[in-house]
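Spelled out, the chains give:
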Amino acid sequence: MTSLGAQNGGRRAKNERDSLRDSLAPAAGMTLAESLRQKLEGAIAAGRLEPGSRLDEQEIARRFGVSRTPVREAFRLMAANNLVELRGRQGATVRAIKAEALIEMFQVMAELEGLCARLAARRVSQTWESEISEIHQRLVAAGETSDIDIFYDINQEFHEAIYEASRNVFLADQTRKLRNQVAAYRRRVTRMPNRIADTLREHEAIMQAILAHDPERAHVTMRDHVNLLGDNLLDFLAAFR
């Protein structure tokens, strides 16, 4: 279990600490706690804070130049979103999810994203085609470099564009919340053999279904893209043994 602020946590702990070397600049209407929550959730989603990692309240307060009060409030906000676990005197840790629960979450995630794609196929604007095509081309280029981190970030842009194209704010918000909970594990899926090539092919099919204004095909292709099926499921489960 990794601890932010640990003196002998090794290279991974050092990298995690370095990833949080940042100053808080809350957006308009955001509190310090909300801004800090956003920073920490970003580190979790990016895989810089792995499941099971301990969040050191004092260290985080020092690095962001704040008191412990907004740090504690940020932890509570993240716990409400099931991203961290609060363990009394033991402090907060990034939530680790068992494989069985993850499979169920991926199934729900697949349906939510499928619904986003379905609505996008019905409501997409004429200008969306150039936007999604530009994102897809950048994803293709990232796939050729085999840089998983860049590929994953652009992949998220692709999905985010579809959330927005659904024009359903509540659905997009709920989809993002679940995506954030499983983000570290979705990154693991990206690292599976042949996953980059499969992702590009599947994204192409999703994009074409939406642009063809075919809601049913858009839903099915997106659902199958996100869900863990067949060999992908077996490979994913093997990683937890």
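Structure report, in brief.

Calculation criteria
- Residues numbered from 1 in each chain as written.
- Predicted model: local features only at pLDDT ≥ 70, side-chain atom pairs only at ≥ 80, totals over all residues.
- Heavy atoms only, no water.
- Core = buried A, V, L, I, M, F, W, Y, C linked by side-chain atoms within 4.5 Å.
- Buried < 20%, exposed > 50% of the residue type's maximum accessible area, 1.4 Å probe, protein only.
- Helix = DSSP H or I, 4+ residues; strand = E, 2+ residues; numbered from the N terminus.
- Contact = heavy atoms within 4.5 Å.

1. Describing the nonpolar core
Judged by nonpolar contacts, the single largest core of 44 residues is most densely connected at Trp128, Phe158, Ile162 and Ile210. Among the elements of the structure, helix H5 (99-123), helix H6 (128-145), helix H7 (148-165), helix H8 (169-190), helix H9 (195-211) and helix H10 (215-226) are those that each provide at least two residues to this core. Ranked by the residues each element gives to this core, the list is headed by H5, at 11 residues. Sequence-distant contacts of Ile162, defined by excluding residues within four places in its chain, comprise Cys116, Ala117, Ala120, Trp128, Ile206, Ile210 and Met222. The next biggest cluster of nonpolar side chains, apart from the first, holds 18 residues, and it includes Leu55, Ala61, Val66 and Phe75.

2. Here we look at the side chain of His159
If you trace the backbone, His159 turns up in helix H7. Not counting residues up to four positions away in its chain, the partners in contact with His159 are Glu113, Arg186, His203, Met222, His225 and Val226.

3. A short note on the environment of Ala99
Inspection of the secondary structure puts Ala99 in helix H5. Assessed through its relative accessible area of 11%, Ala99 is described here as buried. Taking the C-alpha atoms as reference, Ala99 lies 9.8 Å from Tyr185; in sequence the two are 86 residues apart.

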